[in-house]
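# Working through the structure, step by step
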Amino acid sequence: MCEAKNVIEVDGLVKRYGTLTAVDNVSFAVRTGEVFGMVGPNGAGKTTTVECIEGLREPDQGTVRVLGMRPGVDHYSLAEQIGIQFQVDALPPRIRVGEVLELFASFYSSPLDWRQLLDQVGLTAKERSPFATLSGGQKQRVFIALALVNDPDLVFMDEPTTGLDPQSRRAMWEMIEDIRTRGKTVFLTTHSMEEAERLCDRVAIMDSGRIVALDTPDNLIAGLKAEIRVAFSIEGQMDTEILSDVPGVTRVEQHGDRIVVHGSGTKLLGRVVSALESSAVSFSQLRTEEPGLEDVFLALTGRRMRD
Amino acid sequence: MLQTRSLRKLLATQVKLYLREPIAVFFTLFMPVALLVMLGFIIGNEPVPELGGRGHLDANLPGYAALVIGIVGIAGVPIETATRREAGILRRFRATPLRPLTYIAGDVLANFLMMVLGVVAVFLLGRFGFGVPFHGSLPSLALGVFLSAAAFLSVAYVLGSVLPTARVATVVGNFLLFPMVVLSGAVVPQQIMPETVQNVAKLVPLTHVVRLFGGLWSGHRLSEHLLEIFVLGGFLVVGVALAARFFRWE
Ligand SMILES: Nc1ncnc2c1ncn2[C@@H]1O[C@H](COP(=O)(O)OP(=O)(O)O)[C@@H](O)[C@H]1O
Ligand SMILES: [Mg+2]
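Residues numbered from 1 in each chain as written. Chains lettered and ligands numbered in written order. Predicted model: local features only at pLDDT ≥ 70, side-chain atom pairs only at ≥ 80, totals over all residues. Heavy atoms only, no water.

A tally of regular secondary structure across chain A gives 11 helices and 13 strands. Along the first, second and third principal axes, the C-alpha atoms of chain A reach 75 × 45 × 35 Å. With 307 residues in all, chain A has 50% of them scored as buried. In chain A, the proportion of contacts linking residues at least 24 apart, taken out of those at least 6 apart, comes to 67%. Carbon and sulfur atoms provide 45% of the accessible area of chain A, an area that totals close to 14200 Å². With 33 positive and 45 negative side-chain charges, chain A shows a spacing of 3 Å between the two charge centroids. (Helix = DSSP H or I, 4+ residues; strand = E, 2+ residues; numbered from the N terminus. Buried < 20%, exposed > 50% of the residue type's maximum accessible area, 1.4 Å probe, protein only. Contact = heavy atoms within 4.5 Å. Areas by Shrake-Rupley, 256 points an atom, 1.4 Å probe, with all protein chains shown as cover. Lys, Arg positive; Asp, Glu negative; His and termini not counted. Charge placed at Lys NZ, Arg CZ, Asp CG, Glu CD.)

Set out below in structure tokens:
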């Protein structure tokens, strides 16, 4: 791995709160231009890790380099070049959206035009609205705008979609994809596996202060060698033997008129369908269920992630 | 390093936010003015022998002006600072290159302006609304007001730095404020208090503001108030040092 291509390098990071080791010897690197995801249940240590990288908490052990700088030590020069959105974030309730962007723009040496930024996050109509009157999704967009106001190369987002309704969540996803398209590196934490699969180039799965896996979502899922399920309903009767003989199928279950075929391999679905057609079985409501990062987490930790 | 562009924007924003807080505006700007209006209409300013031939307004006007300084410094700023810290608003600034010193300077300047505005409102209303005569020198009075405001703001920042939550700041602020206001002579003349209480009152910082304002309003020179100037200057220096040491974003 070429050193210069890493925007973040974390080596042996440890952070304790009293007797609790919140981050336990974590090492990884984030590459330029990727969306790097850190996924794990509440309390896994994601926020602690991110804030050690941002220089807002002091690690007990280990080294962290961000854009070649030492967080905490080079705090002000680093703050010029990164954008931060906190998991729990607040602004004075009566400040207006336009005022807060203008204020934060003044903290940086070469800020973006904040009106354009407001337009980008779709809040132009809210420029004169007090912050407290915004919806959850709109508030989150203000915080995203604040994280982008210095046109940073690296943006940290700590659970940006937690607590948002599905529509705002989708809007946030589009915004994150847009940030990536503009060539920025994004460090994202989430406890939604669906979100990580959808947005991230690489994902670190974190549990109890440790990284238990780190790879692309595809590789993580492929590494599971997990089964695919093909489910459908039939009209009338059929002999399930014709499916058991299809290459790749491991098991066939029947629950009334609903049939579930378990198996593996990329051609499984096509083979099942042609077997049904050649035996002239009429079927409907065909669905395939592929394994996701949820299953990866379950396989690695023996526990389910709760959304 | 002070960031002047950020400082200007912070100052403007803080003043705007201040004026949008009706309660804060009421307590700093209107309460002392309202007290003055009530006293003016109910009791008036007839000379009374107990006050050495002065009227009630003559005797109380400087105290009401001092009240503004005490309220903002002991309750207003500490509560607001602790509230912002607890809500995570100060933390938001930590994510940027803003220096703590710039933030504090902006906040202090904004509150300084509000204090001075409140004091000027009381004095102007007394002088021109109720005809309370002014025998002092305007530059000396201005210096006295600036020193008092600066001293109380540094104390305010010490309180705002060490009081952990908005709730604690509210309790402690009010706990300190009410006895301080009573003992300082800002609303109740110290002459009617027992001697031991008067001695305790000398330890109350607001007492020195009341005496300084009272003296300067009635025509004393600054050199006649070296004790008050020394005490308030001491609070300023010690306060700045402590605040710089203990100020926290979160
Ligand atoms: N400031 C703190 N003081 C004490 N314990 C903390 C603090 N911050 C986090 N923790 C604890 O550290 C663990 C990891 O927390 P956190 O990093 O917030 O995890 P996540 O972001 O993955 O939910 C949790 O058990 C949490 O209770
Ligand atoms: Mg977290």
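Put simply, a metal with four donors set out as a tetrahedron has ideal angles of 109.5 degrees, and one with six donors set out as an octahedron has ideal angles of 90 or 180 degrees. Residues and elements named next belong to chain A. The protein atoms that coordinate the magnesium ion (ligand 2) are T47 (OG1) and Q87 (OE1), at distances spanning 1.9 to 2.1 Å. Of this pair, T47 sits in helix α1 (residues 46-54) while Q87 sits in the loop between β5 (82-85) and α3 (97-105); the two residues are 40 residues apart in sequence, bridging distant segments of the chain. On the accessibility criterion, T47 (18% relative accessible area) is buried. Exposure remark for Q87: the relative accessible area of 33% places this residue in the partly exposed category. (Donors = N, O, S within 2.8 Å, 3.2 Å for Na, K, Ca; no water.)

Here we come to the domain arrangement of chain A. Domain annotation for chain A reports domain 1 (6-81 + 152-222) and domain 2 (227-290). On a C-alpha basis, the centroid separation for the pair domain 1 of chain A and domain 2 of chain A is 41 Å. (Domains from an automatic or database assignment.)

Right, let's talk about unusual backbone geometry for a bit. Residues and elements named next belong to chain A. In this structure, L67 is a non-glycine residue whose phi angle is positive, near 50°. Residue position: L67 is located in the loop between β4 (61-66) and α2 (75-81). One non-glycine residue with positive phi stands out, namely Q285, at about 50°. Positionally, Q285 belongs in strand β13 (residues 283-289).

What follows concerns the nonpolar core. Counting 119 residues, the largest nonpolar core has B:F93 and B:Y103 as its most contacted members. Examining the composition of this core, we find that 14 residues originate from one element, helix α3 (residues 56-87) of chain B, more than from any other. Once you skip the residues sitting within four places of it in the chain, B:Y103 turns out to touch B:L10, B:Q14, B:R84, B:L90, B:F93, B:L98, B:Y157, B:F247 and B:W249. In this structure, A:V7, A:M38, A:I53 and A:M206 belong to the second largest nonpolar core, which totals 28 residues. (Core = buried A, V, L, I, M, F, W, Y, C linked by side-chain atoms within 4.5 Å.)

Further remarks concern the side chain of B:T207. Residues and elements named next belong to chain B. In this structure, T207 sits in helix α9 (residues 205-217). Judged by relative accessible area, T207 falls into the buried class, the value being 0%. Excluding its chain neighbours within four sequence positions, the residues that come into contact with T207 are L183, S184, Q190 and A201.

Another aspect to go through is helix α10 (residues 226-246) of chain B. Residue and element names in this part refer to chain B. If you check α10, its first and last C-alpha atoms are 30 Å apart, about what 21 residues at 1.5 Å a residue would give, namely 30 Å. Taken together, the buried positions of α10 are occupied by E228, L232, G233, G239 and A243. All buried residues of α10 lie within an arc of 130° about the axis, which places them on one face of the element. Summarising the geometry of α10, the exposed residues directed more than 90 degrees from the buried face are L226, L227, F230, V237, A244 and R245. (Expected span 1.5 Å × (residues − 1). Arc of directions from axis to C-beta.)

To continue, consider α3(A). Owing to its 3.6 residues per turn, the α-helix aligns residues three or four sequence positions apart on the same side. Among the nine residues of α3(A), eight are classified as buried, and the element is accordingly described as predominantly covered. All buried positions along α3(A) are accounted for by A:V97, A:G98, A:E99, A:V100, A:L101, A:L103, A:F104 and A:A105. At its buried positions, α3(A) is contacted by α4 (114-120) and α5 (136-148) of chain A together with α1 (4-19) and α4 (89-94) of chain B.

Of the residues lining the interface, 31 residues belong to chain A; the matching set on chain B comes to 23 residues. Its largest share of buried area at the contact with chain B, chain A owes to A:Y76, A:R94 and A:F107, together 28% of the area lost on that side. A:E99 is the partner of B:K16 in a salt bridge, and the nearest nitrogen-oxygen pair spans 3.7 Å. Connecting chain A to chain B are 11 residue pairs in polar contact (both at pLDDT 80 or more). For the side of chain A that touches chain B, the secondary-structure elements that each account for two or more residues are α2, β5, α3 and α5 of chain A. Looking at the side of chain A that touches chain B element by element, the count peaks at five residues for α3(A). The class makeup of the residues in the side of chain A that touches chain B is 18 nonpolar, five polar and eight charged. (Buried area = accessible area lost by both parts, 1.4 Å probe. Salt bridge = Lys/Arg side-chain N within 4 Å of Asp/Glu carboxyl O. Polar contact = N/O pair within 3.5 Å; in protein donor to acceptor, adjacent residues only side chain to side chain. Nonpolar A, V, L, I, M, F, W, Y, C, P; charged D, E, K, R; others polar.)

In the predicted model, chain B carries a mean pLDDT of 90, and 98% of its residues have values of at least 70. If you check the scores for this complex, the pTM reads 0.85 and the ipTM reads 0.86. (pLDDT = per-residue confidence, 0-100.)

Evaluation of the coordinates by the stated rule reveals 23 salt bridges over all chains. With a shortest N-O distance of 3.7 Å, A:R169 and A:E195 are connected by a salt bridge. Taken together, the positions of A:R169 in helix α6 (residues 166-181) and A:E195 in helix α7 (residues 193-199) put the pair 26 residues apart, joining distant regions of the chain. We classify A:E195 as buried; its relative accessible area is 0%. Measuring nitrogen to oxygen at the nearest pair gives 2.9 Å for the salt bridge that ties B:E80 to B:R84. Of this pair, B:E80 and B:R84 both sit in helix α3, separated by four residues, roughly a single helical turn. With a relative accessible area of 35%, B:E80 lands in the partly exposed category.

The next point concerns the layout of surface pockets. Residue and element names in this part refer to chain B. Approximately 830 Å³ is the volume found for the largest pocket. Considering the residues around the largest pocket, the lining is formed by 31 residues, among which A24, A75, G76, I79 and E80 are closest to the centre. Of all elements in the fold, only α1, α2 (22-42), α3, α5 (100-129) and α7 (166-184) reach the threshold of two or more residues within the lining of the largest pocket. Of the residues forming the lining of the largest pocket, the biggest block, 10 residues, is contributed by α3. Tallied by class, residues from the lining of the largest pocket come to 20 nonpolar, six polar and five charged. (1 Å grid on protein atoms, 1.4 Å probe; cavity = no way out; pocket = protein on both sides within 12 Å on 5 of 7 lines; lining within 4 Å. Points joined across faces, edges and corners; volume = space filled by probe spheres on them.)

Each regular strand shows side chains that alternate between the opposite faces of the sheet. Residues and elements named next belong to chain A. The element strand β12 (residues 258-263) is largely enclosed, with a buried count of five among its six residues. Relative to β12, strand β10 (residues 228-234) runs antiparallel, the two sharing six bridges. Bridge pairing in β12 links A231 to V260. As paired strands, strand β11 (residues 249-255) and β12 are joined by six bridges and run antiparallel to one another. Paired with V252 across the strands is V261, a residue of β12. Where β11 hands over to β12, the hairpin turn is made up of two residues, of which G256 adopts a positive phi near 65°. (Pairing = 2+ DSSP bridges.)

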